[in-house]
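Observations on chain architecture
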Amino acid sequence: MSCRVSLFLFLAFVAQISAFFIPNTPRLPLQASRLSLAPARHARPTLGSTRGTAQAVRMGGRIAPSPAEGNPHWGFEKMKRLSWRVDQLSKRQVSFLSPLYSEDGYFNHDTTQADRVSILSTSMALHSILLNPELWAPETSGGSKVSIADIQQSLEDPSSKHTSDGSRLGNFRIPFLITALTSLKTPASSRKLQAVIAQTIVTVASATSRVLPDKLSQSTRDACVGACVGNAIDIQEILLPKGGLSMYLLYWSTRALTAAMLGKDSHGEAYISFNMIGDAKACQDRVAQEALDELCRQLAYHASGERSLFDVMQLSYALMLHYETSGYKGAMICGEDRTTVFNEKLSDKALEVIFGAQLANGLWPQGAPIDREGQSMRGDIGNSFVFSFDLIGSLLETFEATRANSLRPYLGHLEKSLQWAEDNLVESMVSSSCDLETSTSQGQIMRGWRSNHLGKGGPVTVCTAQVFIAVAHMRSLLKKLRNQQVLEEFKGVIAEAEPNNAAWARLMDADLEIGGKAASLKTVIDAKVIAPLVALQQTDAMPLILGQGVKAAFPKYSMILYGPPGTAKTTICTSIAEKLGWSFVTIDTACFLANGMEQVASRMTYIFERLRELEDTVILFDEIEEFCLDREAPGLSMESRMLTTAMLTQLNDLRRKQRSVFIVATNRLRSFDAAVTRPGRFDMILLVGTPAMQDRLKRIEKKLQAAGVADVMMRQFDVEQETVKEVPAMVIVQELFHSKWEEHIRFLNFAENEEFSDGVVQLIRSKKLAKESFSALLSQAMETATIQGPVRTEYLAGAKLSRA
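From a predicted model like this one, the values you see are computed outputs, not experimental measurements.

**Topic: the pattern of salt bridges**
This structure, assessed with the given rule, holds 25 salt bridges. Ionic pairing is found between Asp348 and Arg403, a salt bridge with its closest N-O pair at 3.3 Å. Here Asp348, found in helix α13 (residues 344–356), pairs with Arg403, found in the loop between α15 (388–399) and α16 (411–423); they are 55 residues apart in sequence, far enough to count as distant. Its salt-bridge partner being Glu626, residue Arg668 comes within 3.7 Å of it at the nearest N-O pair. Of the two residues, Arg668 is situated in the loop between β12 (661–666) and α25 (674–677) and Glu626 in the loop between β11 (617–622) and α24 (638–657); the sequence distance between them amounts to 42 residues. Overall, Glu626 belongs to the partly exposed group, its relative accessible area being 45%. Overlapping salt bridges bring together Lys80, Glu489, Glu609 and Arg610 as one network.

**Observations regarding the packing of aromatic side chains**
Counted under the stated rule, the structure contains 25 aromatic pairs. Their ring planes at 55 degrees and their centres at 5.5 Å tell us that Phe96 and Trp449 sit as a pair that is tilted. Of the two residues, Phe96 is situated in helix α3 (residues 93–97) and Trp449 in the loop between β6 (440–448) and α17 (461–489); the sequence distance between them amounts to 353 residues. For Phe96, a relative accessible area of 4% translates into the label buried. Trp449 gets classed as buried once you look at its relative accessible area, which sits at 0%. Measuring from centroid to centroid gives 5.2 Å for Tyr323 and Phe342, while their planes differ by 85 degrees, and the two rings are edge-to-face. Taken together, the positions of Tyr323 in helix α12 (residues 312–325) and Phe342 in the loop between α12 and α13 put the pair 19 residues apart, joining distant regions of the chain. Taken together, the ring pairs connect Phe592, Phe608, Phe621, Phe627, Phe662 and Phe682 into an aromatic cluster. Lying over the aromatic face of Phe747, Arg792 brings its terminal NZ or CZ to 3.8 Å of the ring centre.

**Thoughts on the nonpolar core**
If you look at soluble globular proteins, the nonpolar side chains tend to sit buried side by side. Ranked by size, the top nonpolar core spans 117 residues in total, and within it Ile197 and Tyr248 carry the most contacts. Beyond its immediate stretch of four places on either side in the chain, Ile197 contacts Ile178, Leu257, Ala260, Tyr271, Ile272 and Met276. Met559, Ala577, Cys591 and Ile607 belong to the second-largest nonpolar core, a separate cluster that totals 67 residues.

**A few points about the packing of helix α10 (residues 247–262) against α15**
At a closest axis distance of 13 Å, the pairing of α10 and α15 adopts a crossing angle of 50 degrees. Regarding the angle of α10 to α15, the classification is oblique. Pair α10 / α15 crosses with left-handed handedness. Across the interface between the two elements, Tyr248, Tyr251, Trp252 and Arg255 of α10 pack against Asp390, Ser394, Glu397 and Thr398 of α15.

**Considerations on the pairing of β11**
Of all six residues in β11, five are buried; the element is thus mostly enclosed. Across five bridges, the pairing between β11 and β12 is parallel. Of the residues in β12, the one forming a bridge with Asp622 is Ala665. In this view, the connection linking β11 to its parallel neighbour β12 by way of α24 has right-handed handedness.

**Observations regarding the packing of α12 against α13**
Following both chains from N to C, one finds α12 and α13 inclined at 145 degrees, their axes separated by 10 Å at the closest point. Crossing of α12 against α13: the hand is left-handed. On the side of α12, the interface is formed by Val312, Leu315, Ser316 and Leu319, while α13 contributes Ser347, Ala350, Leu351, Val353 and Ile354. When the residues that make up the contact of α12 with α13 are grouped by side-chain class, the tally is seven nonpolar, two polar and no charged.

**Some details on the environment of Arg506**
Take Arg506: it is sitting in helix α18 (residues 502–506). For Arg506, a relative accessible area of 56% gives the class exposed. It is 10.0 Å that separates the C-alpha atoms of Arg506 and Asp695, two residues lying 189 residues apart in sequence.

**Let's talk about helix α29 (residues 771–783)**
Along its 13 residues, α29 runs 18 Å from first to last C-alpha, staying within 8% of the 18 Å computed at 1.5 Å per residue. Three or more residues of α29 are buried, namely Phe774, Ser775, Leu777, Leu778, Ala781 and Met782. Buried residues along α29 cover an arc of 165 degrees about the axis, so they all sit on one side. With respect to the buried face of α29, the exposed residues turned more than 90 degrees away are Glu772, Gln780 and Glu783. Each element contacted by the buried residues of α29 is listed here: α27 (729–740), α28 (750–765) and α30 (790–797).

**Brief notes about the confidence of the model for the protein chain**
One rule of thumb: low pLDDT means the predicted coordinates there are not for detailed reading. For the protein chain, the average pLDDT comes to 80, and 77% of its residues sit at 70 or higher. Element-level mean pLDDT values for the protein chain span from 28 in strand β1 (residues 57–59) up to 96 in α16. In the predicted structure, residues 1–9 sits below a pLDDT of 50 and forms four contacts with residues beyond four places in sequence or in another chain. Between residues 13–71, whose pLDDT stays under 50, and residues either more than four places distant or in other chains, the model counts 113 contacts.

**What to know about the pairing of β12**
Within β12, six of the six residues are buried, leaving the element largely enclosed by the surrounding structure. Of the two faces of β12, the one lined by Val661, Ile663 and Ala665 and the one lined by Phe662, Val664 and Thr666 are each fully buried. Relative to β12, strand β9 (residues 558–562) is paired through five bridges, and the arrangement is parallel. Paired with Ser558 across the strands is Phe662, a residue of β12.

Conventions we followed
Residues numbered from 1 in each chain as written. Predicted model: local features only at pLDDT ≥ 70, side-chain atom pairs only at ≥ 80, totals over all residues. Heavy atoms only, no water. Salt bridge = Lys/Arg side-chain N within 4 Å of Asp/Glu carboxyl O. Helix = DSSP H or I, 4+ residues; strand = E, 2+ residues; numbered from the N terminus. Buried < 20%, exposed > 50% of the residue type's maximum accessible area, 1.4 Å probe, protein only. Phe/Tyr/Trp six-rings, centres within 6.5 Å; stacked < 30°, edge-to-face > 60°. Lys NZ or Arg CZ within 6 Å of the ring centre and 35° of its normal. Core = buried A, V, L, I, M, F, W, Y, C linked by side-chain atoms within 4.5 Å. Contact = heavy atoms within 4.5 Å. Axes fitted to C-alpha atoms, helices over the stretch in contact; angles between N-to-C directions. Parallel < 35°, antiparallel > 145°, perpendicular 65-115°, else oblique. Left-handed = near helix turned anticlockwise from the far one by under 90°. Pairing = 2+ DSSP bridges. Right-handed = clockwise from strand over helix to strand, strands pointing away. Nonpolar A, V, L, I, M, F, W, Y, C, P; charged D, E, K, R; others polar. Expected span 1.5 Å × (residues − 1). Arc of directions from axis to C-beta. pLDDT = per-residue confidence, 0-100.

As structure tokens, this is what we get:
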């Protein structure tokens, strides 16, 4: 075994040991140079008042955050301020990108090359647009001339203008072209698209193993014809040596293949044929192993102090690939799980190293060149190094959905990067006229960003788009972390599973009367709340950007559920959350009284300020009647009247946000102030009654099936024929239910009905079911029933108060 291989194995072992057993092992710091950032600026707009000035200090042999810039605790207010800065920057996307767009349907590389299409710039700009569709809708974009249809046509028919040499698209551009075309639902029959997909399979396969052309399917080899612009090529031309792709290009190439494997065009046709899918899946398997190897290798270099070999960009994209291809909720998994298992400790260590390598200005060292083939690609990408915001956007997109908490310790680092974006806007003017007498010119001002790896100059489209992509994912991450923080504070349930209909399906329905018409509780909630919200979640961004509109769903976001105790109002709320796949939190009287009676008003403000930040959450206000009492009631104190007024204002503000569904559950609707129940305050007011008869009977049938006695026959006397005959037990049960429904059975709540149903099943199993035994069982149940006396009177009086 060579010395080089031995060294690698030893370093890999060191990385594993340091990652698993010695998490704080001292390391030699990277000697990254501080790059000068002095672009020619005309003005720097102020985007936020918070300024991070802390400097990194050396601790334990590695670069660590100082207490000022670290993350001991990012509280709600601090995250809210950072979110405001992120939102302010995000809102500039349309005004920054639109001037860089050509009416021919593509984005220019920059203001100096308006006559040349840039696939990378166009693809990155499209990615940014699709992440923020609400900004680009015709009614909000301020008349932007950007046309998605023209962009699609430009990318579907690339000409020599797309490249610097007019011959090959190259390994750098192809992944972005595939990702863009599949996101636009380009027809799968596109010869160009099939060719570049096949070329990506070939390059990834050859770069991750010593694959020979004859090892690939004939379909893949045939599809490679036409992968060049206008010319057929030999497959040998696109084969790469093993390791011929940087982790950056391997990441984007694998991501493009995944988009093609999982995606379908507007007609539902798959992008990768059945004959090629085996090659693509084999690529994913090899990428998974290659990513894990490189992840261990880079951590070993870092742990051993091999500064000349360590590359933070290689480490970062190896980590992302490992996560995405490991079978741990990875987006790049197609079909069966991968044999490579996600290593959480290794991932956490890698994140620590990545953010520890951040420079004082909020950026990262440049790393090795992106394209290992040579420098021919530089005409399109400006230079061959990863821009830090490209890294941030990819990293956040990879982890924010399922491992947002792993990024929580690095919010201070993200704030430093945001600070760089705020401080380093560049401008240039495309002159339309020049006055020689006054030596002044007029034209359009272009604003955006330019990679710190470039020299001085104006904004570059791809860099500007990458900043907005990173900012969009920062916004998403901060929303998720704020949600989690609020839910943790109030002991809510954070949604981690996919939507689950099981609890909602088990829930027994209840009868309703709305406007004199019969209805059911579950049907109304399903039609007015759940179904419209599901439709909104599944709405594609493209129609919104194209101005085609979205089919109006108009979900209801607020309701009052009223009814007697024991009617499962809380269970209904949790079942709604599970069916939507949303989080759930309960706010009760104790929450408002946590700081004592004298602090109720300020506590109310505190609580609702946080609730308004929640998204995709079902909020249950349980037993808060004391804060909604009728202000006209005699003897009500001034404090109670003021609390009711304050609660009305807070509920109204929460309703206007339309970010979450909130529900007030009460046993005493008629004690509420008239302003609470008037139309317009809540979207719906629904009686949660006792289970409907049909649902009770179905429950007994299921219990009989579970007990294995569903087919039991009972002897019954036929009065008309004066004979005894055998009939199914459920026939007798139905008759008995109908005879006792109005007077007794309808007033048994959910828990009481369960106990009563168990008794009925026992009578059937013992073949003792008769009118007398049934009546005796019912009488026993009614002795302890909740809905009796005044409670029954209230229940009947409120039966017609429902509104939807």
